[in-house]
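Residues per chain, in single letters:
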Amino acid sequence: MKERRMKMFSGFEYPYFLFLLILIPLLALYQYFFEKTAYPTIRYSQISPFENTHKSLKIRLRNLPNYIRYLAIALLIIAIARPQSYLSRDEKNIEGVDIVIALDISGSMLAQDFKPNRLEAAKKVATNFMQERHNDNIGLVVFAGEAFTQCPLTTDHPMLMELTSKVESGIIQDGTAIGDGLATAINRIKDTKTKSKTIILLTDGVNNMGAIDPLTSSEIAKDYKIRVYTIGIGKIGMAPYPFQTPFGTQYQNVEVKIDEPLLKDISKATGGKYFRSTDENSLKTIFKEIDNMEKSIIDVSYYQIKKDLAFGFLVAALLLLIIEVLLKKTILRTNP
Amino acid sequence: MNEDLLKKVRKIEIKTKRLSRNIFSGQYHSAFKGRGMAFSEVREYNYGDEIRSIDWNVTARFNHPYVKIFEEERELTVLLLIDVSGSTFFGTNGSLKSEVITEIAAVLSFSAIQNNDKVGVIFFSDRVEKYIPPKKGSAHILRIIRELITYKQSDTKTDFATAFKFMNNVIKKRCTCFLITDGFGKFDESLQITTRKHDFSTIIIRDNHENTIPDLGLIRIHDNELGKDIWIDSSDKKLLNEFTQFRKRQDEDLKQKFNRLGIDNIMVYTGEDYIRALMNLFEKGGRR
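Every chain is numbered independently, its residues counted from 1 as its sequence is written. For naming, the first written chain is A and the first written ligand is 1, with later ones following in the order written. Where local features are concerned, this predicted model is filtered to residues with pLDDT of at least 70; where side-chain atom pairs are given and counted, the filter is 80 or more; whole-chain, interface and lining totals use all residues.

A. Examining the overall build of chain A more closely. In terms of helices and strands, chain A carries ten helices and 14 strands. This entry defines residue contacts through backbone-placed C-beta atoms, with two residues in contact when those atoms are within 7 Å. Considering only intrachain contacts with a sequence separation of at least 6, the fraction spanning at least 24 residues in chain A is 83%. In this description a helix means any DSSP run of H or I spanning at least four residues, a strand means any run of E spanning at least two, and both kinds are numbered starting from the N terminus.

Now the structure itself:
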């Protein structure tokens, strides 16, 4: 993650030169006393006629060149102190976590023990999760009778969320191939350079299809040092499952069967954790828990491209000095 | 006395001697005498009169001592009141005002010596700086001139009253008195007292640039007397106007005062021919 910021002013390279600014009042003081004592004057017999007479603008502005010069000197001193702005470039190398969410989209996920159903509830919670972990690479694998990648690992979370919302049950052959789903997820995650790799597996059934045994998949995950969090979704007891009949979709209470020992084994073998979610709220809590456990390491490297602003001060000082000399030689010329 | 000074004294001597011999010889006598040029009377002896001035013939005749006042009062005493205040140390037209004052004083001194008159000098500023009592002789005159030239100009103020008071105290007899000054200062009633006692005339020395100032832009002028500085914009028409008005008023006031008291006065500008002005002054005195 890169961030570029242009600061207007950020400090002095040699701030101690600013102490030279003390010279200015000293100079003014010197000037004052010099003018009072050593400055050439025209000796005259009587000045009383000039007291309380008309004071022209020139008389009033008589000290203007001096002030301009003090200002110019101040600018020069500031220029010596080298004011700088830096083009700062924060290169936050955030060591994010790679997370692949493996989501069961079998027909049983339409069971309505979650509102509106398990799948929608899972999608919603997953989307929230994605939103919060914006530094991580997150991917989405869906599985039923087969498994495929809905979205590869990406930091483009808006796209990821859009793809997540498009997930529907029935887009692939029905069934529950936990092993395949897990394997696909591993395949997606194994080659990334990130140290921390995590798979979140959501399912609501028993492995009944697929070419790969779930335990084999968990072995592979272990080899790749991937943590697998498993979440079993479904009420304990009976839940209304949808059935397609010639008269439309009918709901029938069926006992929820989740292969909890398998899921526990998988998580245990890979250093993850098994959760059982019985409603939407518990699902949320589970995701929060995972979120807390998977803290991403943020590595921020910070580059500064310094830019001297002294030149502007120098130019201003020079201009002021020119103005001072011009004023002194023309309009505010003094004699002798 | 250094070479330069000697030269200067000689120069002044030659210049002023010729002037005083040819032009002013005795002029102020006829102009300012008033009395005492001829024997007029004897008067009764008063306590303190010199015994040798007693006219024995008259005394014998009246059996009472009488003195001749003829001899004593015949010769005049010329007293020069010279302003050496700081303001005279200014001049743009070839010479300083103080130099012109010196020259005029020298001319008057030589004129006086031509007539075998006594000359005394009071240098004053805001105090009496130096007093040279009236005496005769060219050595005395040279001394006066030397003093005039070497007198160290100091940045002092002008106070006419102290000079007048001193003069009234020191000079008891009536004398011909010339006040040579630039007129920058205050006159008070002591002027009137002095005028009553002596033949008093005033020579005011001025510089052109005391009436106007040239356009020099911003200038810083230093008051010799006050030691103060002021910045003025000499290009400022309004300022110049106010300045000339001020000077005009100042001079008019001065002139009025002198005229009211019957004091002959002339104004001489530096770089100007002061001889003509002096002749003018003496003619004025003659008319009176």
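B. Geometry of the overall build of chain B. Counting its secondary structure elements, chain B contains ten helices and ten strands. Partly exposed residues are those whose C-beta has more than 12 but fewer than 20 other C-beta atoms within 10 Å; 20 or more makes a residue buried and 12 or fewer makes it exposed, with C-beta atoms placed from the backbone. Here chain B holds 288 residues, and 38% of them are scored as buried. When contacts within chain B are restricted to residue pairs at least 6 apart in sequence, long-range pairs at least 24 apart make up 72% of them.

C. The nonpolar core, seen in detail. Residues A102, L182, I199 and I200 of chain A are the most contacted members of the largest nonpolar core, which totals 56 residues. Among all residues touching I200 of chain A, those that are not within four sequence positions of it are I99, I101, A102, Y229, I231 and I290 of chain A. Residues L76, I145, M167 and I205 of chain B belong to the second largest nonpolar core, which totals 48 residues. Among buried residues, those of type Ala, Val, Leu, Ile, Met, Phe, Trp, Tyr and Cys that are joined through C-beta atoms within 7 Å form a set called a nonpolar core.

D. Representation of helix α9 (residues 237-260) of chain B. All names here are of chain B. In this analysis, the expected span of each helix is defined as 1.5 Å times one less than the number of residues it contains. A rise of 1.5 Å per residue sets the reference length of α9, with its 24 residues, at 34 Å; its end C-alpha atoms lie 34 Å apart and thus fit the reference within 8%. Every buried residue of α9 is accounted for by L239, F243 and F258. Packing partners of the buried residues in α9 comprise β7 (199-206), β9 (229-233) and β10 (264-269). One or two positions beyond α9, positive phi appears at G262, with a value near 70 degrees.

E. Inspection of the pairing of strand β8 (residues 218-223) of chain B at higher detail. Looking at chain direction, strand β3 (residues 42-44) of chain A and β8 of chain B are connected through three bridges and run parallel. Bridged to Y44 of chain A within β8 of chain B is D223 of chain B. Note: two strands are recorded as paired if DSSP finds a minimum of 2 bridges between them. Bridge count for strand β14 (residues 334-335) of chain A against β8 of chain B is two bridges, and the pairing is parallel. The residue bridging N335 of chain A from the neighbouring strand is I219 of chain B, located in β8 of chain B. Taken together, the five bridges between β8 of chain B and β9 of chain B define a ladder with antiparallel strand orientation. Residue pairing for β9 of chain B: H222 of chain B is matched across the bridge by D229 of chain B. Linking two consecutive strands that pair antiparallel, namely β8 of chain B and β9 of chain B, is a turn of five residues; a positive phi of about 70 degrees is found at G227 of chain B within it.

F. Local environment of the environment of I290 of chain A. Residues and elements named next belong to chain A. Mapped onto the secondary structure, I290 falls in helix α9 (residues 280-293). For I290, a count of 20 C-beta atoms within 10 Å puts it in the buried group. Sequence separation between I290 and F129 is 161 residues; the distance between their C-alpha atoms is 9.5 Å. Apart from the residues within four sequence positions on either side, I290 is in contact with I200 and Y229.

G. A look at the interface of chain B and chain A. Contacts between chain B and chain A engage 28 residues on the former and 21 residues on the latter. Sorting the residues of the side of chain B that touches chain A by element identifies β8, β9 and α9 of chain B as the ones contributing at least two each. Under this grouping Gly is polar, as are all residues other than the nonpolar Ala, Val, Leu, Ile, Met, Phe, Trp, Tyr, Cys and Pro and the charged Asp, Glu, Lys and Arg. The residue inventory of the side of chain B that touches chain A, partitioned by class, reads 13 nonpolar, four polar and eleven charged.

H. Looking closely at the sheet that holds strand β6 (residues 176-181) of chain B. All names here are of chain B. Ordered in space as β5-β4-β3-β6-β7-β10, the six strands form an open sheet in which the pairing is mixed. Looking at which strands have only one partner, the edges of the open sheet turn out to be β5 (128-135) and β10. Ignoring which end each strand starts from, the neighbouring axes of this sheet average 15 degrees apart. Across six bridges, β7 lies against β10 in parallel orientation. Looking across to β10, one finds that R206 is bridged to Y269. To get an axis, fit a line to the C-alpha atoms, keeping to the stretch in contact for a helix; angles then go from 0 to 180 degrees between the N-to-C directions. In this fold helix α6 (residues 138-150) packs onto β4 (118-124) and β5, with an angle of close to 15 degrees to the strand it touches most, β4.

I. Representation of the packing of helix α4 (residues 118-132) of chain A against helix α5 (residues 157-165) of chain A. Residue and element names in this part refer to chain A. At a minimum axis distance of 10 Å, the contact between α4 and α5 shows a crossing angle of 175 degrees. Of the possible angle classes, the one that applies to α4 and α5 is roughly antiparallel. Contacts from K123, A126, T127, M130 and Q131 in α4 reach H157, L160, M161, T164 and S165 in α5. In terms of residue class, the contact of α4 with α5 is built from four nonpolar, five polar and one charged. Any angle from 65 to 115 degrees is called roughly perpendicular, while one under 35 is roughly parallel, one over 145 is roughly antiparallel, and all others are oblique.

J. Layout of the pairing of strand β10 (residues 238-245) of chain A. Residues and elements named next belong to chain A. Where β10 lies against strand β11 (residues 248-255), eight bridges are found, and the strand directions are antiparallel. Pairing of Q244 across the sheet is with T249, part of β11. Where β10 folds back onto β11 in an antiparallel hairpin, the turn is made up of two residues.

K. Here's a closer look at the sheet that holds strand β12 (residues 274-277) of chain A. All names here are of chain A. The sheet built from six strands is open, its strands ordered β7-β6-β5-β8-β9-β12 with mixed pairing. Two strands bound the open sheet, and with one partner strand each, they are β7 (147-154) and β12. Within the sheet, the average angular offset between the axes of one strand and its neighbour, ignoring direction, is 15 degrees. As paired elements, strand β6 (residues 137-143) and β7 share five bridges and run antiparallel to each other.

L. Spatial organisation of the confidence of the model for chain B. Each residue gets a pLDDT score, which is the predictor's confidence in that residue and runs from 0 to 100. Confidence along chain B averages 80 in pLDDT terms, with 81% of residues attaining 70 or more. Across residues 30-37 of chain B, confidence stays below pLDDT 50; counting only partners more than four residues off in sequence or on other chains, it has twelve contacts.

M. Looking closely at the environment of F50 of chain A. Mapped onto the elements, F50 of chain A comes out in the loop between β3 and α2 (57-60). Aside from chain neighbours lying at most four places away, what touches F50 of chain A is I230, I232 and F243 of chain B.

N. Here's a closer look at unusual backbone geometry. A positive phi angle, near 55 degrees, is found at R82 of chain A, a position not held by glycine. Mapped onto the secondary structure, R82 of chain A falls in the loop between α3 (64-80) and β4 (83-95).

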